[in-house]
Amino acid sequence: MPLSALERSTIPTYSSSAEDDEATHRKLEGFAGQYYTLLKSQLEQQRIYYQGRLEAIRREHENSTRNECQSTSDLISALKQDRNQLEQRCMTLRRKHKKVCDDTVFLENMNESLQADKHAFREQIAEAQAALAEAKELTQQLLTPLEEKVSLLMLQLENGICEDALDDRKPSSTR
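Predicted, not measured: the structure shown is a model, and the values here were computed from it.

Quick word on the overall build of the protein chain
Each helix and strand counted, the protein chain has two helices and zero strands in total. The buried share of the protein chain, reckoned over its 175 residues, is 0%. About 16,700 Å² of surface is accessible on the protein chain, with carbon and sulfur atoms providing 59% of the total.

Below you can see the structure in the form of structure tokens.
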């Protein structure tokens, strides 16, 4: 039955110490070689991993810097556009404000003028009302005799038409 490696290491061997030293030295060199190979492969894997990470970070930084430049220029452009719009709106509001101020001044002047002329207008209105009343009274005074005269003339006209009609009926010998 073959012995396992654990059993062999526990079983004492009766070899010379020089052979033991040489065997131990070969084993240690083998372990050292394996350890060296393991470390070398681990370091290579770590180098590849961290170079990839470093490259990804560089690309990300370049993209963010490029995007920052673009986004900064876009932001500046948008701010300039907003500024232009605000300036236009401000100019519009200034024009409206000036128009309102001009209208206010005009209306204040008009109001002052009307207040100053209010007494004169009231006098003119009172004079016009008095003149109207006088004209109505005069019209009434003159209208009554004229109505009487018109009535009289209408009667005469009717009577004249009646006489003419009677005259037309009479024989022509009397004429």
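A look at the pattern of salt bridges
Using the criterion set out here, one finds five salt bridges in the structure. For arginine 26, the salt bridge is made with glutamate 22, and the minimal N-O distance between the two is 3.2 Å. Residue arginine 26 and its partner glutamate 22 are both found in helix 2 (residues 17–169); the two are separated by four residues, about one turn of the helix. Taking relative accessible area as the criterion, arginine 26 reaches 52% and is therefore assigned exposed. Of the residues examined, glutamate 22 reaches a relative accessible area of 48% and is grouped as partly exposed.

What about the packing of aromatic side chains?
Considering all chains together, one arrives at one aromatic pair under this definition. Ring geometry for tyrosine 49 and tyrosine 50: centres 4.9 Å apart, planes at 80°, overall edge-to-face.

Structural notes on a nonpolar patch on the surface
A contiguous nonpolar patch, built from Phe106, Leu107, Met110, Leu114, Phe121 and Ile125 and spanning about 580 Å² of accessible area, is present on the exposed surface. Along the polypeptide, phenylalanine 106 turns up in helix 2.

The rules behind the values
Residues numbered from 1 in each chain as written. Predicted model: local features only at pLDDT ≥ 70, side-chain atom pairs only at ≥ 80, totals over all residues. Heavy atoms only, no water. Helix = DSSP H or I, 4+ residues; strand = E, 2+ residues; numbered from the N terminus. Buried < 20%, exposed > 50% of the residue type's maximum accessible area, 1.4 Å probe, protein only. Areas by Shrake-Rupley, 256 points an atom, 1.4 Å probe, with all protein chains shown as cover. Salt bridge = Lys/Arg side-chain N within 4 Å of Asp/Glu carboxyl O. Phe/Tyr/Trp six-rings, centres within 6.5 Å; stacked < 30°, edge-to-face > 60°. Patch = residues over 30% accessible without salt bridge, like charges linked within 9 Å, V, L, I, M, F, W, Y side chains within 5 Å.

Function cannot be inferred from these measures alone, as they are strictly geometric.
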